[in-house]
Amino acid sequence: MTTAISETTTAGPPPASLDEQNLLMATSNSSTSRRTRKHPVGAQKKIPVNTSREVLDNTFLVRNLDYKTFFHVGRIFLTLWTEQLGATSSPSTSVSEVVFGEKVLSKIRRFVVVRDNDRFCTCLPITSYGKGNKKAGTDLVDQGIIYCQEQPQDNFEVMKSSVQACVAKDSNFGASVINYARTYTIEKNVKVKDGGEIHPDFTAVLLANFHEVFSSTGNIIPGVAMALHHDSHQTELSNNLKFQEGLRQEFPPGICYMEALRMNSSMTAGKEMSSMATIKSLLTHQFCPPGVNCRDVDSAAPSDARQLDPRFVIISKPPRFFKLGRVFKVLWTEPAGGTAKDMGHFFYTRVNYNEIVYSKIRRFVVVRERTHSCLCLPLYTYSGQGASKADIRVQDHALVYDSSKEDSKGPTEQGLEKDPFPIVVEDPEESIDAMTRMNFAQVYTIQHNVKVAKIGRIAKDHLGRLDEYFVESIVSTGRAPSSGPS
């Protein structure tokens with residue numbers, strides 16, 4: 001079966017039939033064609049209330065009336081941000097379950113706007129590290145200090161110029177850093193709290209830092225990347241060996257360890273499953289003694305028609321996979337937005353602070369390689385409209401098509417000035433819809449430790465142009481006329 005996934009950028013859902021197809025095509029037990037899928041049983045159900053007692057206070061608002069002036073370059077705001085829980089993430093009360101039983105992490109985060117568009121804005125995260133910039137895993141090259149009154153005297157060995165903030169009432173924060181290498185596209189119809197703005201004397205510094213980072217390729221040195229991965233892999237192997245030795249001491253020989261842990265989850269060995277890689281090895285019976293017939297143990301387990309397709313996996317060697325031009329898909333979760341409709345559908349879920357999020361399978365193209373994450377551009381069909389959809393900037397888009405099917409190119413919309421990009425499709429189950437467009441104005445940070453499914457890659461001869469278009473788009477003003485968030 002060939003899948004062609006349609007996606008939109010609206011904070012609320014696109015037409016129900018398309019989205020149901022979108023999500024259901026990621027399941028492992030569905031065999032009907034894309035155009036004949038039925039509404040899933042129980043889809044029109046009331047969204048359950050999250051068990052968390054916390055709710056967002058009334059200072060978090062959807063800026064319906066002043067969104068055009070509020071989300072200007074330099075605006076600082078707080079919002080409840082939700083992202084897929086990575087394999088190496090620590091347990092947290094901020095974790096919730098969304099569609100397909102996948103986990104997401106929802107926390108209030110602080111952002112600063114660096115690029116304003118019609119319905120969304122490009123933002124950078126502001127983070128206050130408990131150990132300053134010396135927190136493990138932080139990269140100082142692309143970070144800069146942000147302060148409220150006096151620049152801190154601590155030895156923050158960051159590389160970018162500092163900026164000063166004029167904070168809003170009750171939004172003061174200590175010495176923090178802006179990560180200029182991690183970008184987030186945030187829709188303007190979500191709840192936000194005013195956090196102030198960058199002091200006018202420092203707005204130019206903010207943009208200079210941002211443009212400097214994105215004008216360079218930003219790709220990590222292969223040797224360094226592989227060394228980092230090697231260290232992580234060695235730690236993983238050490239954890240696995242310790243866990244396997246614990247299993248041998250806990251249980252007699254000739255028994256399936258997976259079944260033994262099912263029967264007694266309080267066993268000492270079971271408490272050591274802190275690594276997702278360790279859990280994966282356990283579930284696939286890699287730790288079990290030789291000669292033990294484990295497969296019959298799982299044969300009676302009921303299947304879940306809403307589980308992610310098994311092609312969605314955590315990449316074992318991220319530096320080799322998340323290269324410039326890589327095309328992949330991921331289960332993406334974002335705030336539902338104040339204008340969302342059809343809230344009873346199963347792709348809506350309540351998360352931390354009892355807020356509603358919307359999950360869907362989305363496709364991305366890697367444009368910047370980082371150490372533990374990558375920056376990506378989204379692929380959309382806009383419900384089959386291509387770049388002719390109302391309220392989008394046509395000039396920010398480029399047509400993409402299957403490199404093996406020159407005749408698969410769809411019609412070119414008026415104003416679509418960028419040359420098309422061929423995609424080398426590497427999964428026979430995938431296809432590229434003729435109306436698929438790459439949006440250079442929206443940039444997303446995606447962690448390496450989340451489940452993704454490979455689609456293919458941009459043809460090698462076109463990677464230079466991909467980078468060129470990206471830089472041109474990111475340093476432009478980006479503002480477009482609008483009638484309001486939708």
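Residues numbered from 1 in each chain as written. Predicted model: local features only at pLDDT ≥ 70, side-chain atom pairs only at ≥ 80, totals over all residues. Heavy atoms only, no water.

Caption draft 1: Region of interest: the overall build of the protein. Secondary structure assignment for the protein yields nine helices and 20 strands. Surface accessibility of the protein: about 22300 Å² in total, with carbon and sulfur atoms responsible for 51%. (Helix = DSSP H or I, 4+ residues; strand = E, 2+ residues; numbered from the N terminus. Areas by Shrake-Rupley, 256 points an atom, 1.4 Å probe, with all protein chains shown as cover.)

Caption draft 2: Layout of unusual backbone geometry. One non-glycine residue with positive phi stands out, namely Tyr353, at about 65°. Examined against the element boundaries, Tyr353 turns out to sit in the loop between strand S13 (348-350) and strand S14 (356-369). Although it is not a glycine, Asn354 sits at a positive phi angle of roughly 60°. Within the secondary structure, Asn354 is located in the loop between S13 and S14.

Caption draft 3: Inspection of the nonpolar core at higher detail. Residues Ile146, Ile178, Phe421, Met438, Phe440, Ile458 and Leu466 are the most contacted members of the largest nonpolar core, which totals 42 residues. When residues of this core are assigned to their parent elements, the largest contribution, five residues, is made by helix H9 (residues 463-474). If we skip the residues at most four places from it in the chain, Met438 touches Val365, Leu377, Pro378, Leu379, Asp396, His397, Ala398, Val400, Phe421, Ile458 and Leu466. If you look at the next biggest cluster of nonpolar residues, it comprises 22 residues, including Ile315, Val330, Trp332 and Ile392. (Core = buried A, V, L, I, M, F, W, Y, C linked by side-chain atoms within 4.5 Å. Buried < 20%, exposed > 50% of the residue type's maximum accessible area, 1.4 Å probe, protein only. Contact = heavy atoms within 4.5 Å.)

Caption draft 4: View of the side chain of Lys188. Of note, Lys188 is situated in the loop between strand S9 (184-187) and strand S10 (191-198). Here Asp116 takes part through its side chain, which lies 2.6 Å from a polar atom of the side chain of Lys188. (Polar contact = N/O pair within 3.5 Å; in protein donor to acceptor, adjacent residues only side chain to side chain.)

Caption draft 5: Geometry of the packing of helix H3 (residues 203-215) against H9. Interhelical geometry of H3 versus H9 gives an angle of 175° and a closest axis separation of 10 Å. Viewed along their axes, H3 and H9 adopt a mutual orientation that is roughly antiparallel. Each of Phe210, His211, Phe214 and Ser215 in H3 lies in contact with H9, whose residues at this interface are Phe470, Val471 and Ile474. Along the lines of polarity and charge, the residues of the contact of H3 with H9 split into five nonpolar, two polar and no charged. (Axes fitted to C-alpha atoms, helices over the stretch in contact; angles between N-to-C directions. Parallel < 35°, antiparallel > 145°, perpendicular 65-115°, else oblique. Nonpolar A, V, L, I, M, F, W, Y, C, P; charged D, E, K, R; others polar.)

Caption draft 6: Looking closely at H3. Look at H3: 18 Å from first C-alpha to last across 13 residues, which is about the 18 Å you get at 1.5 Å a residue. If you check which residues of H3 are buried, you get Leu206, Asn209, Phe210, Val213 and Phe214. The buried residues of H3 occupy one face: seen down the axis, they fall within an arc of 120°. (Expected span 1.5 Å × (residues − 1). Arc of directions from axis to C-beta.)

Caption draft 7: Main features of the pattern of salt bridges. Tallied over the entire structure, the rule returns 22 salt bridges. For the salt bridge of Lys451 with Glu102, the shortest nitrogen-to-oxygen distance reads 3.2 Å. In this pair, Lys451 sits in strand S20 (residues 451-458) while Glu102 sits in the loop between strand S3 (95-97) and strand S4 (103-116), placing the two residues 349 residues apart along the sequence. In this structure Glu102 comes out as buried when scored by relative accessible area, which is 12%. Between Arg368 and Asp467 there is a salt bridge, with its nearest N and O atoms 2.5 Å apart. Of this pair, Arg368 sits in strand S14 while Asp467 is found in helix H9, placing the two residues 99 residues apart along the sequence. Neither residue differs from the other here; Arg368 and Asp467 are each classed as buried. Beyond isolated ion pairs, a larger network of salt bridges with shared partners links Asp309, Arg311, Lys329, Asp427 and Glu430. (Salt bridge = Lys/Arg side-chain N within 4 Å of Asp/Glu carboxyl O.)

Caption draft 8: Expanded view of the confidence of the model for the protein. With 61% of its residues at a pLDDT of at least 70, the protein reaches an overall mean of 75. Across residues 295-305, where pLDDT falls below 50, the model places twelve contacts with residues more than four positions away in sequence or in other chains. This model gives residues 480-486 a pLDDT under 50, and the stretch forms 16 contacts once residues within four places in sequence are excluded. (pLDDT = per-residue confidence, 0-100.)

Caption draft 9: Seen up close, the packing of aromatic side chains. For the structure shown, the criterion picks out 22 aromatic pairs. Their ring planes at 85° and their centres at 5.3 Å tell us that Trp81 and Tyr184 sit as a pair that is edge-to-face. Of this pair, Trp81 sits in strand S2 (residues 75-84) while Tyr184 sits in strand S9, placing them 103 residues apart in sequence. Exposure remark for Tyr184: the relative accessible area of 2% places this residue in the buried category. Judged by centre distance (6.1 Å) and plane angle (40°), the ring pair of Phe421 and Phe440 falls under tilted. With a gap of 19 residues between them, Phe421 in strand S17 (residues 421-425) and Phe440 in the loop between strand S18 (437-439) and strand S19 (444-447) connect regions that are remote in the sequence. On the accessibility criterion, Phe421 (0% relative accessible area) is buried. For Phe440, a relative accessible area of 0% gives the class buried. (Phe/Tyr/Trp six-rings, centres within 6.5 Å; stacked < 30°, edge-to-face > 60°.)

Caption draft 10: Geometry of H9. Helix length check: H9, at twelve residues, gives a terminal C-alpha distance of 17 Å against a target of 16 Å (1.5 Å per residue), a fit within 8%. Taking burial as the measure, the twelve residues of H9 include nine buried ones, the bulk of the element. When H9 is considered as a whole, its buried residues turn out to be Leu463, Arg465, Leu466, Asp467, Tyr469, Phe470, Val471, Ser473 and Ile474.

Caption draft 11: Inspection of the state of the cysteines at higher detail. One pass over the structure, following the stated rule, counts zero disulfides. This cysteine, Cys121, is not joined by any disulfide, and Cys123 carries the nearest cysteine sulfur, 3.6 Å off. Here Cys374 stays unpaired: no disulfide links it, and the sulfur of Cys376, its closest cysteine neighbor, is 3.5 Å away. (Disulfide = S-S within 2.5 Å.)

Caption draft 12: View of the pairing of strand S12 (residues 326-335). Among the ten residues of S12, ten are classified as buried, and the element is accordingly described as predominantly covered. Judged from the five bridges that link them, S12 and S20 form a sheet pairing that is antiparallel. Counted as the bridge partner of Phe328 is Lys454 from S20. (Pairing = 2+ DSSP bridges.)

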